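One letter stands for each residue in the lines below.
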Amino acid sequence: MMPVYQKAFIYIFVEIEYFFVFLQFIQSSKVSTNTLKNKVYIETYGCQMNLADSEIVASLLAKDSYTIEKDINQADFILINTCAIRDNAEQRIRKRLRELKALQRGRQWLKIGILGCMAERLKTQLMEEEDNVSFIVGPDAYRQLPQMLDHIKDDEKMAETLLSETETYDDIEPVRYDTNGITAYISIMRGCQNYCAYCVVPYTRGRERSRDPKTIVAEASNLVAKGYREVTLLGQNVNSYRWKNGESEIVGFPQLMAMVAEVSPLLRVRFATSHPKDLSDELLQVMAKYDNICKCIHLPVQSGSTRMLKLMNRHYTPEWYLDRIGAIRRYLPTCSITTDVIAGFCTETEEDHQATLDMFRKVRYDYAYMFKFSMRPNTYAAKHLQDDVPDEVKTRRLEEIIALQGQIALENNQKEIGNTYEVLIEGVSHRSDQQLFGRNSQNKVIVFERGDLQPGQYAKVKVLRCTSATLIGEVVGNK
Ligand code: SAH
Ligand code: SF4
Ligand code: F3S
């Protein structure tokens, strides 16, 4: 488990924290005396898109007399915003639902609803299989939540999972109910239609649609006014961002990045995720032009093998991918590069696996999210391919990738020793309240002695030591 300050910037795995919340409940469970039934507790699993969606849900509910409750023991409704990307993500939710039965036994009136990608994938089937779930709401149906909560009666069950071609929630100002007050996500598009052979997202999130750039810029400006200093623009494939207003006005992702970067020089701008097939030189040029656009690109490779990439329907070859890496290095020499990879996709051979390890040696990623392939129902792979790599082989290949990446990340970090970076301070280190942590533009976590600095400020920090995950430094000046 990574330390708390090493907040993973793409996926959050929160089961440990929730386990503690659950223990707390066992110690202090009481029957609610609240008759209004308007307190909503939200638990979020999965990717940043889900986190951003939970903030939209909070906003929609707050407009309608519901309040967001931080203590699960006081809640009238528990909303679980779920992920379906791998089987273990779904199993985690099912386990959580079993745990919550104990909480429901102590409370006559407590309703549980499932939101997000697992709700969309399984629809009413989930309610049939999990008897303590009262309602199911897919990612494009959140506007109906307040009305649904109003109508949930003791034994009534409801489901709304229609996907939309237009919903972007662009008029909703998210309620940042669990925030450090410094960094925030802004969802700029929804859906994905790349149909990678292994991936469930096109089925759970629907077709791609982009949000009006004016509303994105307004949201960023509001955040700056409230003291936020960093935004991450979110989409499954941000390079496909394209807003069309009539025939004349077209805003693509590079233009949108420039518009958000212009909001304030104090505001850092990040984005996730870009698909290698359409990472354009134009975007890299915009990134080079603005100091406040962070020099960090997450470029999921998935595999280093030509054959696997074709079978995965990724629309690029290893050569194309390496050409894009070359372009990043040319335009943005200080840029960090991170990735996602899948070990043991259908028919993967030792040779394919070696090609992935080779890719890692060539690119030398700063960080990687590494996964074992998990067959997802209804995907191209489920319909047309065999999950034929034995589990122990997948595990061994994954371990080899993890070991190689650990070594590379350590060596990359060792090269940082002696460098000085501008760091946005995000909080107090969990190891000592005398230490702060923040990130540099490259998204690397740096820990340093507190002095009289505060979260939200920028500091110049010189790197003195490192591990494979963290840089340790000393403050050499303010911004
Ligand atoms: N839209 C993003 C990724 C979304 S899913 C992109 O294309 O980059 C995040 C990661 O989960 C993927 O990049 C992939 O590495 C992994 N993933 C997706 N489906 C998977 C599956 N069936 N088994 C294992 N890993 C998977
Ligand atoms: Fe899934 Fe591919 Fe879309 Fe990413 S680009 S969400 S991996 S289908
Ligand atoms: Fe995200 Fe998981 Fe859905 S990764 S888009 S919450 S399937």
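Scroll up for the structure.
Residues numbered from 1 in each chain as written. Chains lettered and ligands numbered in written order. Predicted model: local features only at pLDDT ≥ 70, side-chain atom pairs only at ≥ 80, totals over all residues. Heavy atoms only, no water.

Trainee: Quick question: what am I supposed to make of helix 13 (residues 350-363) here?
Mentor: Since the α-helix advances by 3.6 residues per turn, residues separated by three or four positions end up pointing in the same direction. For helix 13, built from 14 residues, the straight-helix expectation of 20 Å at 1.5 Å per residue is met to within 8% by its first-to-last C-alpha distance of 20 Å. If you check which residues of helix 13 are buried, you get D352, H353, T356, L357, M359, F360 and V363. Along the axis of helix 13, the buried positions cluster into a sector of 150 degrees, meaning they face one direction only. Exposed residues pointing more than 90 degrees away from the buried face of helix 13 are listed as E351 and K362. Each element contacted by the buried residues of helix 13 is listed here: helix 11 (306-311), helix 12 (318-331), strand 17 (336-343), strand 18 (367-372) and helix 15 (391-414). Backbone geometry just downstream of helix 13 places R364 in the positive-phi region, at approximately 55 degrees. (Helix = DSSP H or I, 4+ residues; strand = E, 2+ residues; numbered from the N terminus. Expected span 1.5 Å × (residues − 1). Buried < 20%, exposed > 50% of the residue type's maximum accessible area, 1.4 Å probe, protein only. Arc of directions from axis to C-beta. Contact = heavy atoms within 4.5 Å.)

Trainee: I would appreciate a short explanation of the site of ligand 2 in the present structure.
Mentor: Lining the immediate environment of ligand 2, one finds C192, N194, Y195, C196, Y198, C199, V201, P202, Q236, H275 and R314. Taken together, the residues of the shell around ligand 2 sort by class into seven nonpolar, three polar and one charged. (Near = heavy atom within 4 Å. Nonpolar A, V, L, I, M, F, W, Y, C, P; charged D, E, K, R; others polar.)

Trainee: Teacher, can you tell me more about the sheet that holds strand 17 here?
Mentor: Backbone hydrogen bonds are what pair the strands of a sheet, in a parallel or an antiparallel way. Across the sheet, three strands lie side by side as 16-17-18; this open sheet has parallel pairing. Each of the sheet's edge strands pairs with one partner strand only, and the pair in question is strand 16 (296-298) and strand 18. Each strand axis lies, on average, 10 degrees off the axis of its neighbour in the sheet, ignoring direction. As judged from the six bridges shared by strand 17 and strand 18, these two strands associate in the parallel manner. The partner of V341 across the bridge, within strand 18, is M370. (Pairing = 2+ DSSP bridges. Axes fitted to C-alpha atoms, helices over the stretch in contact; angles between N-to-C directions.)

Trainee: Help me out: how do you make sense of the layout of surface pockets in this one?
Mentor: The probe, sized like a water molecule, is rolled over the atoms to show the empty space still left. Each pocket or cavity is described by its volume, and for the second largest pocket that value is around 350 Å³. Along its surface, the second largest pocket is lined by 21 residues, and Y290, D291, N292, E422 and S441 are the ones closest to its centre. Class assignment of the residues belonging to the lining of the second largest pocket gives a composition of nine nonpolar, six polar and six charged. Counting contributing residues per domain, the lining of the second largest pocket is built from domain 3 (179-269) and domain 5 (420-478), each supplying no fewer than three. (1 Å grid on protein atoms, 1.4 Å probe; cavity = no way out; pocket = protein on both sides within 12 Å on 5 of 7 lines; lining within 4 Å. Points joined across faces, edges and corners; volume = space filled by probe spheres on them. Domains from an automatic or database assignment.)

Trainee: Looking at this structure, I do not really get the site of ligand 3. What am I missing?
Mentor: Lining the immediate environment of ligand 3, one finds C47, N50, T82, C83, A84, I85, C117, R205 and Q236. Here the shell around ligand 3 is composed, by residue class, of five nonpolar, three polar and one charged.

Trainee: Teacher, can you tell me more about the side chain of S305 here?
Mentor: Relative to the helices and strands, S305 is located in the loop between strand 16 and helix 11. Residue S305 is classed as buried on the basis of its relative accessible area of 3%. Separated by 3.3 Å, the side chain of S305 and the backbone nitrogen of R307 make a polar contact. Each residue touching S305, except ones within four places of it in the same chain, is listed here: P318, D352, A355 and T356. (Polar contact = N/O pair within 3.5 Å; in protein donor to acceptor, adjacent residues only side chain to side chain.)

Trainee: What exactly am I supposed to notice about the pairing of strand 21 (residues 445-449) here?
Mentor: Along any regular strand the residues' side chains alternate between the sheet's two faces. Burial of strand 21 is extensive: four of the five residues sit out of reach of the surface. In terms of strand pairing, strand 20 (residues 435-439) meets strand 21 through five bridges, oriented antiparallel. Across the sheet, the residue bridging to Q435 is E449, located in strand 21. Remark: five residues form the turn of the hairpin made by strand 20 and strand 21, two consecutive strands paired antiparallel; N443 in that turn has positive phi of roughly 70 degrees.

Trainee: I tried to follow the sheet that holds strand 23 (residues 471-478) on my own but got confused; where do I start?
Mentor: Read around the barrel, five strands follow the order 19-20-21-23-22 and close on themselves; strand pairing throughout is mixed. Within the sheet, the average angular offset between the axes of one strand and its neighbour, ignoring direction, is 55 degrees. With four bridges connecting them, strand 19 (residues 420-428) and strand 20 associate as antiparallel partners. Paired with G427 across the strands is F437, a residue of strand 20.

Trainee: Please clarify how the packing of aromatic side chains should be interpreted in this entry.
Mentor: Given two aromatic rings, their pairing is described by the distance between the two centres and the angle made by the two planes. A full pass over the atoms with the stated rule returns 11 aromatic pairs. A ring pair is formed by F253 and F271, whose centres lie 5.3 Å apart and whose planes are at 70 degrees; its orientation type is edge-to-face. Here F253 is found in helix 9 (residues 253-261), whereas its partner F271 is found in strand 15 (residues 268-272), with 18 residues between them in sequence. The class of F253 is buried, set by a relative accessible area of 0%. With a centroid separation of 5.9 Å and an interplanar angle of 35 degrees, the aromatic rings of Y316 and Y321 are classed as tilted. Among the aromatic residues, ring-to-ring pairing joins Y66, F77, W109 and F135 into one connected group. Here the basic side chain of R86 rests over the ring of F371, its NZ or CZ set 3.7 Å away from the ring centre. (Phe/Tyr/Trp six-rings, centres within 6.5 Å; stacked < 30°, edge-to-face > 60°. Lys NZ or Arg CZ within 6 Å of the ring centre and 35° of its normal.)

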